[in-house]
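One letter stands for each residue in the lines below.
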Amino acid sequence: MTRLAIYPGSFDPPTLGHIDIIGRAANVFDELIVAVGHNAEKHPFLDPVDRVAALRECIKDIKNVKVEQFTGLLVDFARRHDCRMLVRGMRVVSDFEYEFRVASANRVMAPEIETVFLTTRDEYSFLASSVVREIATLGGDYSPFVPAPVFERIKAKLAK
Ligand code: PNS
């Protein structure tokens, strides 16, 4: 049986922390879909098309990973792919409450789907897309936090 997992997020923008989780999840699942969604609580920064394109460039050498955009409920997207495993990265304690809430809501809607968490590496435990957005929009150097394809797309967006 092929173990398929979905790694959902808004990835706005994708960070080195996200790329680390993708690589580690790809090692423990047969197939991984990185699902770029919309978080209703967040105002979009990069266009979803750019997020998907940047992520595809980042994972092009990992054979068992693909990137897709989704709209609507995550559990509906997972069911369309016959997928029963969601992967999320867990940073510090402050992530826990939100993650617990979303995982619980998803489980009520889709009891057959489990959420599993990978803890982030120490060096990325502080890193969040919101940190990158803030540094970038205020003119700081965000290059230590994002992979090159993402850096280029943020640069292009800020130049507009
Ligand atoms: O990276 P994020 O912003 O924490 O990702 C959140 C995301 C996009 C995975 C989440 O908001 C999501 O699944 N959105 C789709 C709608 C949905 O299914 N919500 C879950 C019920 S609370």
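The following refers to the structure shown. (Residues numbered from 1 in each chain as written. Predicted model: local features only at pLDDT ≥ 70, side-chain atom pairs only at ≥ 80, totals over all residues. Heavy atoms only, no water.)

Tracing the sequence through the fold places D20 in helix α1 (residues 16-28). Filtering out sequence-adjacent residues up to four positions away, D20 remains in contact with R121 and Y124. (Helix = DSSP H or I, 4+ residues; strand = E, 2+ residues; numbered from the N terminus. Contact = heavy atoms within 4.5 Å.)

Now for the nonpolar core. Formed by 19 residues in total, the largest nonpolar core has its most connected members in Y7, I22, L32, V34 and V87. If you tally residues by element for this core, the top one is α1, at four residues. In contact with I22, not counting residues within four places along its chain, are Y7, L32, V34, L55, I59, I62 and V65. One finds F70, L74, C83 and L86 within the second-largest nonpolar core, a separate group that totals 13 residues. (Core = buried A, V, L, I, M, F, W, Y, C linked by side-chain atoms within 4.5 Å. Buried < 20%, exposed > 50% of the residue type's maximum accessible area, 1.4 Å probe, protein only.)

Every one of the 13 residues lining the ligand counts as a neighbour, but S10, N39, K42, L74 and R88 are closest to it. Side-chain polar atom of N39 to an oxygen atom of the ligand: 2.9 Å apart, as the coordinates give it. Separating an oxygen atom of the ligand from a side-chain N or O atom of K42 is a distance of 2.7 Å. Its residues assigned to classes, the shell around the ligand shows five nonpolar, six polar and two charged. (Near = heavy atom within 4 Å. Polar contact = N/O pair within 3.5 Å; in protein donor to acceptor, adjacent residues only side chain to side chain. Nonpolar A, V, L, I, M, F, W, Y, C, P; charged D, E, K, R; others polar.)

To describe a pair of aromatic rings, one takes the distance between the centres and the angle between the planes. Under the counting rule described, the total for this entry stands at five aromatic pairs. With a centroid separation of 5.2 Å and 80° between ring planes, the pair formed by Y7 and F11 is classed as edge-to-face. (Phe/Tyr/Trp six-rings, centres within 6.5 Å; stacked < 30°, edge-to-face > 60°.)

Taken by themselves, the reported measurements are silent on function.
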